[in-house]
Amino acid sequence: MDRDIAAHYELGHEADRLDTWGRLERERTLELLERHLPPAPADVLDVGGGPGAYAVRLARAGYAVRLVDPVELHVEQARAASAAQPDAPLAGAETGDARELPAGDASFDAVLLLGPLYHLQEAADRMRALREAARVLRPGGVVAVAAISRFASTIDGLLRARLTEPGFEAVLERGVRDGRHVNPDPVGHPHWFTTAFLHRPEELAGEVRAAGFELDALLAIEGVGAFLADASPWLDDPVRRELLMRAIRRVEAEPALLGASPHLLAVGRARANLD
Ligand SMILES: C[S@@+](CC[C@H](N)C(=O)[O-])C[C@H]1O[C@@H](n2cnc3c(N)ncnc32)[C@H](O)[C@@H]1O
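So, how was this worked out
- Residues numbered from 1 in each chain as written.
- Predicted model: local features only at pLDDT ≥ 70, side-chain atom pairs only at ≥ 80, totals over all residues.
- Heavy atoms only, no water.
- Buried < 20%, exposed > 50% of the residue type's maximum accessible area, 1.4 Å probe, protein only.
- Helix = DSSP H or I, 4+ residues; strand = E, 2+ residues; numbered from the N terminus.
- Pairing = 2+ DSSP bridges.
- Contact = heavy atoms within 4.5 Å.
- Near = heavy atom within 4 Å.
- Polar contact = N/O pair within 3.5 Å; in protein donor to acceptor, adjacent residues only side chain to side chain.
- Areas by Shrake-Rupley, 256 points an atom, 1.4 Å probe, with all protein chains shown as cover.

Peer 1: What is the right way to look at the pairing of strand β9 (residues 263-269) in this model?
Peer 2: Where a strand is regular, its side chains alternate between the two sheet faces. Counting buried residues in β9 gives 6 out of 7 residues, a clear majority hidden from the surface. The sheet contact formed by strand β5 (residues 137-149) and β9 spans 7 bridges and is antiparallel. Bridge pairing in β9 places Ile148 opposite His263. Here strand β8 (residues 214-220) pairs with β9 via 6 bridges, running antiparallel. By the bridge assignment for β9, Leu215 is matched with Gly268.

Peer 1: I'm lost on the environment of Gly223 in this one. Help?
Peer 2: Here Gly223 is to be found in the loop between β8 and α11 (232-236). Looking at Gly223, the relative accessible area reads 9%, which means it is buried. With 34 residues separating them along the chain, Gly223 and Leu257 place their C-alpha atoms 7.5 Å apart. The contact partners of Gly223, leaving out residues within four places of it in the chain, are Ile248, Ala260 and Ser261.

Peer 1: What is the right way to look at the site of the ligand in this model?
Peer 2: Gly48, Asp69, His74, Ala98 and Leu114 are the nearest of the 22 residues found near the ligand. Residue Arg17 places a side-chain N or O atom 3.1 Å away from an oxygen atom belonging to the ligand. Ala98 is positioned with one of its backbone polar atoms (N or O) 2.9 Å from a nitrogen atom of the ligand. Relative to its unbound accessible surface of 600 Å², the ligand loses 97% to contact with the protein. Those elements that place two or more of their residues in the shell around the ligand are α2 (14-17) and α6 (116-119). With 3 residues, α6 is the single largest residue contributor to the shell around the ligand.

What follows is the structure, encoded as structure tokens:
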């Protein structure tokens, strides 16, 4: 694993991200997973599952979930989250890499890749990760692949005024130019994220198809909700929450708006025969 990526996650900030500024991402991701995953009970492999935010919720919903992540701290946090719900524990949590999954052929009904694809800067590595997902899926199984938009740093740079921080514009410019997000000072600026690849929407769709999947959907995760600097007041109020979620849902697949969503989700389906 890239040393900068490992060092970033060893800081431990990932565990509360989805409970704080990533709440809208979490709520929408859960909504899209609920819509696109096969119904429970089913076997799910959460690759790059981090501290287990989605894994434990899916386990609670009746899925048998195994989590794989290269960061030991994340695996420990996922095990702790699992132990905290003894009536619906994970089926397992272990260290591993998306490019070489510790799982047998055709052994899962769904694979989540909510992280690995945007941390692999080389197209060949992303293809290996997608092909591994295809290998471990049963025919007809579903892969859910998250990507970060090519334009996420531009949006974030303005909404959170990162653009005024010396050095950030160069990071943003490179990312827009060739998709490579590189944080030149990971210790001084942990909030500038870490080594990542930023997809154009059509690039994500193309990679999922090139790995042999049928593309079922290409969707905005936060979508137009990202235009809110802080979605919390909307999410905290049940009426405004529904207005917000409907507004996002209504245009979630609109090609003209996809790149304006910080995160994208591609849903693919494994064919019976991959060659
Ligand atoms: C931003 S976190 C997302 C965690 C969780 N899936 C979520 O959506 O909240 C990205 C995760 O991808 C993991 N990751 C990075 N490179 C990976 C790789 N090559 N294989 C598997 N996971 C990887 C990281 O360790 C981290 O846990």
